[in-house]
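A look at the structure
What follows is the residue order along each chain.
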Amino acid sequence: MPTTAHFTLAYWCVLIAALLPLVCATLAKKGGFGRAPQAGGYDNHAPREWLARQQGAAARANAAQANTFEALPFFIGAVIIAHQLGARQGLVDALALAFIALRIVYIWLYVADKAMARSAVWTLALAANIAILFSGYR
């Protein structure tokens with residue numbers, strides 16, 4: 001009897017992970033909204049140049065955005081591979097939720113300039129991702 005595919009919790013986590021860089025971008029740009037570019041406000045005509053001039057929390061939010069994009073392909077791949085290998089769905093879902101929670105904490109720690117804690121959380125998120133990848137290994 002053929003099984004029917006369904007959209008798993010882990011797949012929803014892929015969507016959330018894909019949206020996390022937008023959260024970072026908003027955090028990076030929010031201080032510039034409402035002011036004219038001539039007064040140092042956000043410049044939508046040259047957003048990358050504007051972001052490159054930012055300092056403090058805005059610069060860290062922009063760096064978190066880049067790192068969040070960098071983590072995305074491995075996470076997507078790990079979830080797909082786990083599904084393809086027939087990993088226990090509850091385990092994949094739990095690990096994917098852990099990855100998302102850790103990445104949210106990572107973003108907060110990055111913006112708050114908590115470097116050591118941020119690195120520890122980054123490592124835990126990477127471990128969760130590796131666990132997802134190997135969850136279907138037999």
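See above for the structure.
Summary of the structure given here. Here the structure is a predicted model, which means the values were calculated and not measured.

Quick look at helix 3 (residues 56–84)
- The end-to-end C-alpha distance of helix 3, which contains 29 residues, comes to 42 Å, matching closely the 42 Å that a straight helix rising 1.5 Å per residue would cover.
- Its maximal kink placed at leucine 72, helix 3 deviates by approximately 30 degrees, while the proline proline 73 follows within four residues.

Considerations on the packing of helix 3 against helix 4 (residues 89–111)
- It is at 9 Å that the axes of helix 3 and helix 4 come closest, and there the two elements cross at 170 degrees. Of the possible angle classes, the one that applies to helix 3 and helix 4 is roughly antiparallel. Where helix 3 abuts helix 4, its residues Ala57, Arg60, Ala61, Ala63, Ala64, Asn67, Thr68, Ala71, Phe75, Ala82 and His83 lie against Gln89, Val92, Ala96, Phe99, Ile100, Arg103, Tyr106, Ile107, Tyr110 and Val111.

Notes on helix 4
- End to end, helix 4 covers 33 Å across 23 residues, agreeing with the expected 33 Å (1.5 Å per residue, within 8%).
- Elements in contact with the buried residues of helix 4: helix 1 (9–29), helix 3 and helix 5 (115–134).
- Looking one or two places after helix 4, you find aspartate 113, whose phi comes out positive at around 65 degrees.

Brief notes about the packing of aromatic side chains
- Scanning the model with the defined rule gives seven aromatic pairs in all.
- With a centroid separation of 4.9 Å and an interplanar angle of 75 degrees, the aromatic rings of phenylalanine 7 and tryptophan 12 are classed as edge-to-face.
- When the ring of phenylalanine 33 is compared with that of tyrosine 42, the centres are 5.5 Å apart and the planes differ by 80 degrees; the resulting orientation is edge-to-face.
- Three or more aromatic residues link up through ring pairs in this structure, and these residues are Phe7, Tyr11 and Trp12.
- Across from the ring centre of tyrosine 106, 4.3 Å away, lies the NZ or CZ of arginine 103, which sits over that ring.

Cut-off values and rules
Residues numbered from 1 in each chain as written. Predicted model: local features only at pLDDT ≥ 70, side-chain atom pairs only at ≥ 80, totals over all residues. Heavy atoms only, no water. Helix = DSSP H or I, 4+ residues; strand = E, 2+ residues; numbered from the N terminus. Expected span 1.5 Å × (residues − 1). Bend = angle between axes of the 7 residues up to and from the residue. Axes fitted to C-alpha atoms, helices over the stretch in contact; angles between N-to-C directions. Parallel < 35°, antiparallel > 145°, perpendicular 65-115°, else oblique. Contact = heavy atoms within 4.5 Å. Phe/Tyr/Trp six-rings, centres within 6.5 Å; stacked < 30°, edge-to-face > 60°. Lys NZ or Arg CZ within 6 Å of the ring centre and 35° of its normal.

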